[in-house]
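Spelled out from the first residue to the last, the chains are:
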Amino acid sequence: QGDSPMEAALKGAAQIGFTLVSLTISLIAVLIPLLFMEEVVGRLFREFAITLTICILISALVSLTVVPMLCAKLMRRHDPDAPRPHGKFFNKTEEWYEKIITQYDRLLLWVLAHQRLTLQVALGTLALTVVMYTAIPKGFFPLQDTGFIQAVTEGDPSVSFQAMAQRQNALAQEVLKDPAVASISSFIGVDGTNNTLNSGRLLINLKPKDERDTLTDVVDRLKGLGSAVPGMTYYLQPVQDLSTDSVVGRSQYNFTLQSASTAELTAFVPKLMQQLAQRPEIVNATTPFLDQGLSVHLIVDRDTAARFGITSNTVANALYSSFGQRIVTTMYTQSNQYRVILEADPGIQDTVRSLEEIYLPAAGGGQVQLATVAHLEQRKVPLQINHLGQFPSAGISFDVAPGYSLGSAVKAILKAQADAGMPPAITSQFQGSAYSFQSALSSQILLIIAAIITVYIVLGVLYESFIHPVTILSTLPSAGVGALLALIVTGHDLNIVSIIGIILLIGIVMKNAIMMIDFALEAERGEGKSPTEAIYQAALLRFRPILMTTVAALFGALPLVFGSGMGAELRHPLGISIVGGLLMSQLLTLFTTPVIYIYFSQLGEDLRAWRARRASRKAVPPEPQLG
């Protein structure tokens, strides 16, 4: 407009300053509820919210100081009457922009002429957002391809350590034959993860993603090897970057039944497992509670043992010396020490009948065969008895069937418990990821509502109005529809990551309305224009920055959508929700926001007129009464 670069920079900073402050504060207000998220999810995203808040504050400071200074120093003075040469790229993009703004002007005039229809569209998006939120499948975290698969292996309940080692090695060799497997780490025996001798683990390291099939195909192919080794079963689950499980289970998700009576659990768990097997939402439902192993009980004939002067302590010492690897002495040399271990001949330790080969010292001298004073009984006993809160418990693991979400699986489990007739003395509780999912699901809608209320309060303080913050927030349903629709079309569920994307959308999408409404309010109050004229002028003048910021945010989110590195699946829902919400909100809010602004401006005028009439009636003195 012919101003010098310094004057133009000052005018531009003054014109956009309050708008920029409003955008910054509203963005930060959106992130405040993230700081109060509970459980593990809250701890995961607290740093995210703090980092983003600091970045927004720094960018606002730079935009209010450094950017105007650069404009004043780097821009050249322009004479409006003299044509300024531009390159081909500028001319071509400017030609496209002129065509877009011309079409937008024509469509905006039509929308302003049909305001009631446009308002119905805005209300329809609000209703559609609620419907889609209730209908979309709910999940926790998306399944990642990290290049690692964890397998839990199980042998027969009565398998020996040597037999388990042979079967584990055979299974590992079969898995290594798969072209997608690079290496394997194998573990068996009782340790901090394995609680029984018949359990083991395989950590399968896959080849890079571009050298193999997808994770789902690899897992399905490896599952078919379960029957390759007789007497051996194993369960596969991909290793995830984010996990809230404290134990390694047979399947991805876990829940626990708890009761003061082990007998009630023993009677109810089989009924529940039958119900879970009939649910299409659940696969690989297993429990170690029903595993029965073999135990050998040595029954001592005390009368016969007493005649030989043999006590129970004598029997226990003989058994420990034979099978307990008793240290009888230590041999010391100049550089080392060697412990002497007493045990029975390993050749007679393979069967239960080896106990008959043990001899006990009699009181009068000589030796007595153990079988003379005792006999053996084999019984079925649980391999392990778990406790939760000092009460017996039964842990059940499950996976979500393909095509279903974790939310539908949780509902199916609760329904199965009711159909199985769970006694009042038994309580159930989800563990790990399933428990965190339930906690996050209960707070999702509250988190979004808290973000909206926080933004409303902040905008109300900034604009000193109860009405215009609602006009700004009216842009959110279109963003919600776009985000949910994009998730549904791409086959994603509504999980924690996509919820974070929707919360970010609340802050990003509001800038369209803030840019228009801030300019319209200034034109209405400063220049005395009508609400229709003010919002019409604001929509056309702010169209370019609105389009620029939307396209910039859109391209910033595209790498999240199309990322293909290890673990990129965790970031896909974030990018998809942002891209879908930006596209839909850009198409709708450019037309619905002006109409809603006009309606609320008229509502504000009606309220002020009503208050004025009410105040005038109170100010008129009452007529004197004749008595």
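These numbers were taken from a predicted model, which means no experiment stands behind them.

Chemist: So what about the overall build of the protein chain? Which residues, and what values?
Modeler: A tally of regular secondary structure across the protein chain gives 18 helices and 15 strands. Taken over the C-alpha trace, the protein chain has a radius of gyration of 37 Å; the compact-globule value for 627 residues is 25 Å, which it surpasses by more than 25%. Considering only C-alpha atoms, the protein chain reaches an extent of 125 × 90 × 50 Å along its principal axes. For the protein chain, buried positions account for 41% of its 627 residues. By sequence separation, contacts in the protein chain at least 24 residues apart represent 76% of the contacts at least 6 residues apart. About 33800 Å² of surface is accessible on the protein chain, with carbon and sulfur atoms providing 61% of the total.

Chemist: Describe the sheet that holds strand 2 (residues 181–188), listing the residues and the values that go with them.
Modeler: Pairing is antiparallel in the open sheet, where four strands are placed in the order 2-3-1-4. If you trace the sheet from one side to the other, it starts and ends with strand 2 and strand 4 (232–238), each paired once. Pairs of neighbouring strands in the sheet enclose a mean axial angle of 20°, with direction left out of account. Relative to strand 3 (residues 199–206), strand 2 is paired through seven bridges, and the arrangement is antiparallel.

Chemist: Before we move on, can you summarise the nonpolar core with the specific residues and values?
Modeler: If you look at soluble globular proteins, the nonpolar side chains tend to sit buried side by side. Counting residues in each nonpolar core, the largest one holds 103 residues, and the members touching the most others are Phe255, Leu257, Leu276, Phe398 and Met510. At 20 residues, helix 15 (residues 496–526) tops the list of elements feeding residues into this core. Within the second largest apolar cluster, 21 residues are counted, among which are Val159, Ala172, Val219 and Tyr234.

Chemist: For the layout of surface pockets, give the residues involved together with the corresponding values.
Modeler: If you add up the space inside the second largest pocket, you get close to 1200 Å³. As for the second largest pocket, its lining consists of 39 residues, and the residues nearest its centre are Leu143, Thr216, Val400, Pro402 and Tyr404. Sort the elements by how many residues they give to the lining of the second largest pocket and helix 6 (residues 215–223) lands first, with five residues.

Chemist: So, helix 6: which residues are in play, and what are the values?
Modeler: Every buried residue of helix 6 is listed here: Leu215, Val218, Val219 and Leu222. All buried residues of helix 6 fall inside an arc of 95° around its axis, so they share one side. Residues of helix 6 that are buried in the fold lie against strand 1 (148–155), helix 5 (161–176), strand 2, strand 3 and strand 4.

Definitions and cut-offs
- Residues numbered from 1 in each chain as written.
- Predicted model: local features only at pLDDT ≥ 70, side-chain atom pairs only at ≥ 80, totals over all residues.
- Heavy atoms only, no water.
- Helix = DSSP H or I, 4+ residues; strand = E, 2+ residues; numbered from the N terminus.
- Rg over C-alpha atoms; globule rule 2.2 N^0.38 Å.
- Buried < 20%, exposed > 50% of the residue type's maximum accessible area, 1.4 Å probe, protein only.
- Contact = heavy atoms within 4.5 Å.
- Areas by Shrake-Rupley, 256 points an atom, 1.4 Å probe, with all protein chains shown as cover.
- Pairing = 2+ DSSP bridges.
- Axes fitted to C-alpha atoms, helices over the stretch in contact; angles between N-to-C directions.
- Core = buried A, V, L, I, M, F, W, Y, C linked by side-chain atoms within 4.5 Å.
- 1 Å grid on protein atoms, 1.4 Å probe; cavity = no way out; pocket = protein on both sides within 12 Å on 5 of 7 lines; lining within 4 Å.
- Points joined across faces, edges and corners; volume = space filled by probe spheres on them.
- Arc of directions from axis to C-beta.

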